[in-house]
Amino acid sequence: MKKIFNLTKRALFLIICLAFIAGCSGSSGSSSDDDTGSIDTEIADDTEGTEETDDNDYYGILIINEIMAKDADGGNDWIEFYVSGTETINLSDYTVVDDNAENELAALPTVILSPGEFYVVRATDEAPEDGSAYVPFKLGSDDCVSLFKGDDLIDRLDWEDGDALIGYSYGCFPDGSENTQTLSPTSGYPNETADNEPIDFFLEDTVEDVYITISQTDWNSILSSPLAEEYHTASITYRNTTLDNVAFRTKGNSSLRAVAQMNSTRYSFKVDMNYYVDGQKLLGMKKINLNNNYKDPSYMRECIAYEMLRSLDVPTPRLSYVNLYINGALHGLYTLVEQVDSEFLEENFDNPDGDLYKPDGTGSDLLWRGASFTSYSGVELKTNEETSDNAAFINMVNELNNGSDIESVIDVDGMLRYLAVSTALSNLDSYQGSLAHNYYIYEQDGVFSIIPWDFNESFGSFTMGCQDSSAMITLYIDEPTSGALADRPLIAKLLKIDRYKDTYREYIEDVIYGIMNSSVISRTIEETENLISAHVASDPTAFYSYSEFQAALGYGMVGTIFGLQGFADDRTSNIMEQLAGTEPSEGDGSGSCGSETPGGRPGRF
């Protein structure tokens with residue numbers, strides 16, 4: 001959420017006045033049905049005269065810099081003001097009010113503040129015994145504070161459930177900026193978070209605990225009907241923060257069915273903080289995924305793959321390791337994975353308001369099926385569901401299959417970087433494979449970017465369409481599909497153009513000589529092993545034994561699943577030969593797997 005004072009003066013005045021009349025937090029769903037109650041200030045109907053007034057008369061002089069709505073002791077709400085301009089101001093020229101329609105504008109004390117100075121007032125129903133400055137209202141967990149100078153709305157800070165958590169404050173970071181976030185409380189001092197860095201939900205250097213509390217009836221319902229993926233009410237505790245009324249369910253496709261058939265309870269889960277309580281967030285997150293590491297005895301495939309994608313600047317979900325407890329009992333070591341949603345888009349893209357799609361089914365191959373979006377029933381729109389006409393998607397698929405200007409609809413460089421990593425890892429449980437799934441596409445101004453998803457069967461674990469595991473080592477880099485290359489136009493169209501293929505090959509070199517280099521990936525494996533090995537040993541629902549976990553890190557095989565180091569070394573060596581031309585990098589267009597290929601290469605039909 002951003003502060004309002006980054007708007008132009010005229011837009012600020014018009015938009016915020018209208019927003020204030022409707023209720024500060026109308027978008028959160030928690031506003032009163034009343035108008036402004038007993039708030040007795042008159043807001044001007046026009047902006048006459050504002051053109052000649054310095055911008056700082058409207059914003060930038062005095063800022064609502066930080067609030068505390070829930071301190072650890074259960075009281076002591078406060079509001080911190082900060083002089084961000086270059087002029088001395090008198091605080092008594094200003095009034096303040098929160099989102100409660102019953103509260104009136106409260107006068108601020110007569111205090112002269114210099115540029116860069118902070119001032120804190122308590123927000124309490126009763127005058128403090130120590131005589132400190134206060135305003136006669138408390139702050140809610142979903143609330144806003146508005147600052148006026150006369151009739152002019154100068155600044156507003158609004159927050160939702162999950163922003164101003166117990167023991168945390170909320171406000172500008174850095175001081176006086178338009179960017180706002182959850183903070184460590186610093187009443188009267190410069191704002192900061194833990195270690196003066198933004199609070200990171202996903203901790204890479206520790207294994208945290210996640211506690212899910214759910215009624216036994218609802219838990220039994222999940223276990224008896226896991227394929228229903230039905231949400232049930234639960235509470236979640238993570239890093240000393242508890243939220244009630246969250247939604248909890250199983251998740252997955254083939255892996256969900258497989259676990260159900262195994263008579264195991266080790267499902268992957270989704271937790272939605274926003275499902276029952278509009279705007280509720282857990283340390284800034286509305287949704288999270290708890291992945292069970294199915295078909296990955298190393299527990300590391302997704303973690304290392306995502307690190308490789310980030311090394312090539314591909315927008316990639318964050319993740320970390322957690323011990324999942326359900327109703328107080330350890331359920332297993334899981335991977336906590338960021339949801340690709342509006343918060344992810346705001347973090348990774350300049351324009352977070354475009355159309356986000358999750359293809360999985362009819363149309364996910366992006367072959368042309370006509371101009372009606374209903375013909376692409378397996379492509380699910382995840383944002384702008386009520387407003388998008390899907391025209392940008394149809395235009396993209398049309399251009400991809402029938403046009404000649406691919407850069408007008410595809411972030412080509414981003415796709416080449418993604419493809420370089422996915423191909424190096426022989427990741428066929430993806431757009432490249434027979435199912436053409438496990439990816440998102442995101443549109444900004446008509447141009448689509450690819451977002452990776454679900455790499456737990458990378459490092460050659462998914463062999464569907466291939467004769468055996470050895471085909472994963474020799475997967476063609478210039479025809480990296482299971483089935484005909486032409487059936488994957490997002491790849492075929494790019495690799496048909498020499499300059500794109502050359503760039504793609506350069507990115508593959510970056511991967512195999514960089515993060516996938518034998519010594520580099522060896523260190524990565526070792527560091528991750530040191531982090532999680534004790535937790536793997538204690539995992540009560542593990543799919544594999546601890547000895548299989550250890551074997552999965554090295555050069556051996558666990559069934560048909562490669563050891564990480566062995567796959568990386570063999571695959572890197574083969575890619576070097578393909579790049580040098582001593583091994584073929586493409587076939588006859590029928591793909592790396594799924595049909596007869598020239599030369600009788602081992603591991604291929």
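Residues numbered from 1 in each chain as written. Predicted model: local features only at pLDDT ≥ 70, side-chain atom pairs only at ≥ 80, totals over all residues. Heavy atoms only, no water.

Peer 1: Looking at this structure, how should I read the confidence of the model for the protein?
Peer 2: Detailed reading of the predicted coordinates is not advisable wherever pLDDT falls low. Chain-level statistics for the protein give a pLDDT mean of 87 and a share of 86% at 70 or above. The low-confidence segment residues 5–60 (pLDDT under 50) makes 91 contacts with residues lying over four places distant or belonging to another chain. Ignoring residues within four places in sequence, the model shows residues 595–605, a span with pLDDT below 50, making 34 contacts including any to other chains. (pLDDT = per-residue confidence, 0-100. Contact = heavy atoms within 4.5 Å.)

Peer 1: Would you mind going over the packing of helix α11 (residues 518–537) against helix α13 (residues 564–580) with me for this structure?
Peer 2: Packed helix pairs are specified by the crossing angle of their axes together with the interaxial distance, meaning the distance between the axes. α13 packs onto α11 with a crossing angle of 165° between their chain directions and a minimal axis gap of 10 Å. Overall, the two elements α11 and α13 adopt an arrangement that is roughly antiparallel. In this structure, the crossing between α11 and α13 has a hand that is right-handed. Residues Ser518, Ile521, Ser522 and Ile525 of α11 lie in contact with α13, whose contacting residues are Leu564, Gln565, Ala568 and Asp569. A class-by-class count of the residues in the contact of α11 with α13 yields 4 nonpolar, 3 polar and 1 charged. (Axes fitted to C-alpha atoms, helices over the stretch in contact; angles between N-to-C directions. Helix = DSSP H or I, 4+ residues; strand = E, 2+ residues; numbered from the N terminus. Parallel < 35°, antiparallel > 145°, perpendicular 65-115°, else oblique. Left-handed = near helix turned anticlockwise from the far one by under 90°. Nonpolar A, V, L, I, M, F, W, Y, C, P; charged D, E, K, R; others polar.)

Peer 1: Before we go on, may I ask you to explain the pattern of salt bridges in this structure?
Peer 2: Pairing between side chains of opposite charge can happen when the charged atoms of each approach one another. Under the counting rule described, the total for this entry stands at 13 salt bridges. A salt bridge links Glu229 to Arg249; its shortest N-O distance comes to 3.1 Å. Highlighted residues: Glu229 in the loop between α2 (216–224) and β14 (232–238) and Arg249 in strand β15 (residues 241–251), separated in sequence by 20 residues. For Asp478, the salt bridge goes to Arg505, with nearest N and O atoms at 2.7 Å. Highlighted residues: Asp478 in the loop between α8 (470–473) and α9 (489–495) and Arg505 in helix α10 (residues 498–513), separated in sequence by 27 residues. Residue classification places Arg505 among the buried positions, given a relative accessible area of 19%. (Salt bridge = Lys/Arg side-chain N within 4 Å of Asp/Glu carboxyl O. Buried < 20%, exposed > 50% of the residue type's maximum accessible area, 1.4 Å probe, protein only.)

Peer 1: Just checking my understanding: could you explain the packing of α10 against α13 for this structure?
Peer 2: Between α10 and α13, the shortest axis-to-axis distance is 10 Å and the interhelical angle comes to 150°. Pair α10 / α13 crosses with left-handed handedness. Residue-level contacts link Arg505, Ile508, Glu509, Ile512 and Tyr513 of α10 to Thr572, Ile575, Met576, Gln578 and Leu579 of α13. Its residues assigned to classes, the contact of α10 with α13 shows 6 nonpolar, 2 polar and 2 charged.

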